[in-house]
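Overview (structure and organization)
The lines below spell out each chain.
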Amino acid sequence: MMLDQQNRQQFLDHLAAQLGRPLRKQVTGSYQTVTQQPTLRLTELNDDQRCAEFIKVATEVMAVECVLTKAEDAATALLDLCEKLQGGEVILNDDPRLSEYGLTQAVQARYPTHIWSAATGEENRTFAEKANIGIVFAEYGLTESGGIVLYSSAERGRSSSLLPQVSIAVVKKSTILPRVAQLATILHQKAQQGERMPSCVNIISGPSATADIELVKVIGVHGPIKQVYLVIEDI
């Protein structure tokens, strides 16, 4: 740790010398804000409008299939999705929200499943790698990008959404944010309050894709070849 601090100080001293001024440790001067768009864009939308825009962007821009369902119909909607996606082995995160809506129970009753557990270690990743479907519960949806936010923890492994052929993310309508600025505020508040932060914050915007070869877009280059959002109308 001391060596890291020493190296950092040497780097900053060298940078200041190259700039021809003393090392600054405080912000100097004032800078006029040109626009409030980074924080205000899309905040004028109500819940219904934000949800509709989120689904539109996810579908049209990010090639994500979106299904909107009522809370009481969520389990049936999920099973319909799994059937459409050829079923097979399914891995789910150990997330109480999945059980709260009866999603874990419904899938377990129909398909071979594995629940991610901190105690099973390598077994989690081995199952996820061969699973056809991975099911996770998203913390937030991001309207501007059509992406979702996943928090990683011992009970919610990244492999559940990254290794299966198909990734299904459950998103509550009430947790769809305008854009990443609102997510940054939430994370900042958690840190200020001394809350334990997730081991990793993943912002996922659809299946992987590339268009760097002759501008031909290919979806599913690595990771899941298909991304699906199950949006629950909880408000």
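Our structure's up above, just so we're on the same page.
Parameters and conventions
Numbering of residues starts from 1 in each chain and follows the order in which that chain's sequence is written. Confidence filtering applies because this is a predicted model: local features only for residues at pLDDT of at least 70, side-chain atom pairs given and counted only at 80 or more, and all residues used for totals across whole chains, interfaces and linings. Where side-chain values are given, they derive from all heavy atoms of the structure, hydrogens and water being excluded. Think of it this way: any DSSP run of H or I at least four residues long counts as a helix, any run of E at least two long counts as a strand, and we number them from the N terminus. Type-normalised accessible area, obtained with a 1.4 Å probe on protein chains alone, sets the label of each residue: buried when under 20%, exposed when over 50%, and partly exposed for intermediate values. Residue contacts are defined here by distance: any two heavy atoms, one from each residue, within 4.5 Å place the two residues in contact. Surface exposure here means Shrake-Rupley accessible area, sampled with a 1.4 Å probe, where a residue is shielded only by the protein chains that are shown. Whether two strands pair comes down to DSSP finding at least two bridges between them. The axes are straight lines fitted to the C-alpha atoms, using for helices just the contacting stretch, and the angles between their N-to-C directions are given from 0 to 180°. Two N or O atoms form a polar contact when they lie within 3.5 Å of each other; inside protein one atom must be a possible hydrogen donor and the other a possible acceptor, and for residues adjacent in sequence the pair counts only when both atoms belong to side chains. Any two cysteine sulfur atoms within 2.5 Å of one another count as a disulfide. Remark: nonpolar core denotes a set of buried residues (Ala, Val, Leu, Ile, Met, Phe, Trp, Tyr, Cys) joined through side-chain atoms within 4.5 Å.

Scanning the protein chain from terminus to terminus reveals nine helices and twelve strands. Its C-alpha atoms give the protein chain principal-axis dimensions of about 70 × 50 × 45 Å. With 235 residues in all, the protein chain has 41% of them scored as buried. Put simply, of all contacts in the protein chain between residues at least 6 apart along the chain, 73% involve residues at least 24 apart. Looking at the protein chain as shown, the accessible area adds up to about 13500 Å², and 52% of this sits on carbon and sulfur atoms.

Moving on: the sheet that holds strand E6 (residues 147-152). In space, the four strands of this open sheet follow the order E8-E5-E6-E9, with mixed pairing throughout. Two strands bound the open sheet, and with one partner strand each, they are strand E8 (176-177) and strand E9 (200-204). Pairing of strand E5 (residues 140-142) with E8 involves two bridges; the strand directions are parallel. Across the sheet, Leu142 pairs through a bridge with Leu177, a residue of E8. Packed onto the sheet, helix H9 (residues 180-192) meets E5, E6, E8 and E9 and runs at close to 20° relative to E6.

Strand order in the open sheet formed by six strands is E1-E12-E7-E4-E2-E3, and the pairing between neighbours is parallel. Pairing within the sheet leaves two strands with one partner each, and these edge strands are strand E1 (65-70) and strand E3 (113-115). Across the sheet, the axes of successive neighbouring strands diverge by a mean angle of 20°, strand direction being ignored. In this structure, strand E4 (residues 133-137) lies alongside strand E7 (residues 166-172), joined through five bridges in parallel fashion. Within the sheet, the bridge partner assigned to Gly134 lies in E7 and is Ser167.

A few words now on the side chain of His114. Along the chain, the position of His114 falls in strand E3. In terms of polar contacts, His114 uses its side chain to reach the side chain of Asn124, at 2.8 Å. Sequence-distant contacts of His114, defined by excluding residues within four places in its chain, comprise Val90, Ile91, Leu92, Thr120, Glu123, Asn124 and Phe127.

What follows covers the state of the cysteines. Counted according to the given criterion, the structure contains zero disulfides. In this structure Cys66 is a free cysteine whose sulfur lies 8.7 Å from that of Cys51, the closest cysteine sulfur available.

Turning our attention to the side chain of Thr104. Here Thr104 shows up in helix H6 (residues 103-110). A residue is classified by how much of its surface remains accessible, and Thr104, at 8% relative accessible area, is buried. Aside from chain neighbours lying at most four places away, what touches Thr104 is Leu92, Leu98, Ser99 and Ile115.

Before going further, it helps to examine the nonpolar core. By size, the foremost hydrophobic cluster in this structure holds 25 residues, and its most contacted members are Leu78, Leu103, Ile133, Ile135, Ile168 and Val170. Ranked by residues supplied to this core, first place goes to helix H4 (residues 74-84) with seven residues. When residues no more than four places from it in sequence are discounted, the contact partners of Ile168 are Leu78, Leu81, Cys82, Leu85, Ile133, Gly134, Ile135, Val136 and Val228. Within the second largest apolar cluster, 16 residues are counted, among which are Ile55, Ala138, Val171 and Ile204.

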